[in-house]
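Results of the structural survey
Spelled out, the chains give:
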Amino acid sequence: QVQLVESGGGLVQAGDSLRLSCAASGRTFSSYVMGWFRQAPGKEREFVAVISWSGGSTVYADSVKGRFTISRDNAKNTVYLQMNSLKPEDTAVYYCAAGVVLTGTRDLYAYWGQGTQVTVSS
């Protein structure tokens, strides 16, 4: 069992940066692939980024590639999402999730946090 708590969301202007954090409970954090997803009002939850258990492999959605960076600190049981050059279309609730496959398919993630709101004004 893994419990996930996101933080770091907020209201920013276009072009600004934010760093989201996701703190995990449990001693098996390093065994899990960690992903970030987001859900805008009226839209389905979509994949943003994923990082392997070691941090050696990452995959990004095309919409955030080159602007967002996912990283993890297994000693702190935390995964991060550094978001630069934010755009209004990045506005969404951002969720972290834990799984066992390096994938962008949300149904393959077993554990989810409660989400943190990111709002980007133009």
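Above this text is the structure in question.
Residues numbered from 1 in each chain as written. Predicted model: local features only at pLDDT ≥ 70, side-chain atom pairs only at ≥ 80, totals over all residues. Heavy atoms only, no water.

1. Re the packing of aromatic side chains
Going by this rule: Centres within 6.5 Å make a pair out of two Phe, Tyr or Trp rings, where for Trp the six-membered ring is used; the pair is then stacked when the planes are under 30 degrees apart, edge-to-face when over 60, and tilted otherwise. Only DSSP runs of H or I with at least four residues qualify as helices, and only runs of E with at least two residues qualify as strands; both kinds are numbered from the N terminus onward. Burial classes: relative accessible area under 20% of the type maximum marks a residue as buried, over 50% as exposed, and values in between as partly exposed (1.4 Å probe, protein chains only). Counting as a charge over the ring demands two things of the Lys NZ or Arg CZ atom: a distance within 6 Å of the ring centre and an angle within 35 degrees of the ring normal.
Scanning all chains against the criterion turns up five aromatic pairs. Where Phe-37 meets Phe-47, the ring centres are 5.8 Å apart and the plane angle is 70°; that geometry is what we call edge-to-face. Placement of Phe-37 in strand E4 (residues 33-39) and of Phe-47 in strand E5 (residues 46-51) is noted, with a sequence separation of ten residues between them. The pair Phe-37 / Phe-47 is uniform in exposure class, with both members buried. Three or more aromatic residues joined by ring pairs form one cluster here, namely Phe-37, Phe-47, Tyr-109 and Trp-112. When the ring centre of Trp-112 is taken as reference, the NZ or CZ atom of Arg-45 above it lies at 4.9 Å.

2. Some details on the pairing of E4
Two faces make up the sheet, and in a regular strand the side chains alternate between them. Condition: A pair of strands is considered paired only if DSSP assigns at least 2 bridges between the two.
The element E4 is extensively covered by neighbouring structure, given that six of its seven residues are classed as buried. Where E4 lies against strand E9 (residues 92-99), seven bridges are found, and the strand directions are antiparallel. Following the sheet pairing, Met-34 is matched in E9 by Ala-98. Pairing between E4 and E5: five bridges, direction antiparallel. Bridge pairing in E5 places Phe-37 opposite Phe-47. Connecting the antiparallel pair E4 and E5 is a turn made up of six residues, with Gly-42 showing a positive phi of about 75°.

3. Side note on the sheet that holds strand E1 (residues 4-7)
Heads up, the rule is: Angular values range over 0 to 180 degrees, each being the angle between N-to-C directions of two axes fitted as lines to C-alpha atoms, with helices fitted over their stretch in contact.
Taken together, four strands build an open sheet; the order of strands is E1-E3-E8-E7 and the sheet is antiparallel. At either margin of the open sheet sits one strand with a lone partner, and together these are E1 and strand E7 (68-73). Going from strand to strand, the sheet's axes swing by 15° on average, the running direction of each strand aside. Where E7 lies against strand E8 (residues 78-83), six bridges are found, and the strand directions are antiparallel. Opposite Ser-71, over in E8, you have Tyr-80 as the bridge partner.

4. Observations regarding the environment of Leu-18
Put simply, the test is: Only heavy atoms enter the contact rule, under which two residues are in contact if any of them lie within 4.5 Å.
Tracing the backbone through its elements, the reader meets Leu-18 in strand E3 (residues 18-24). Remark: the alpha-carbon pair of Leu-18 and Gly-8, spanning ten residues in sequence, is separated by 7.2 Å. Dropping the residues within four chain positions of it, Leu-18 is found in contact with Gly-8, Gly-9, Gly-10, Val-12, Leu-81, Gln-82, Met-83, Leu-86 and Val-118.

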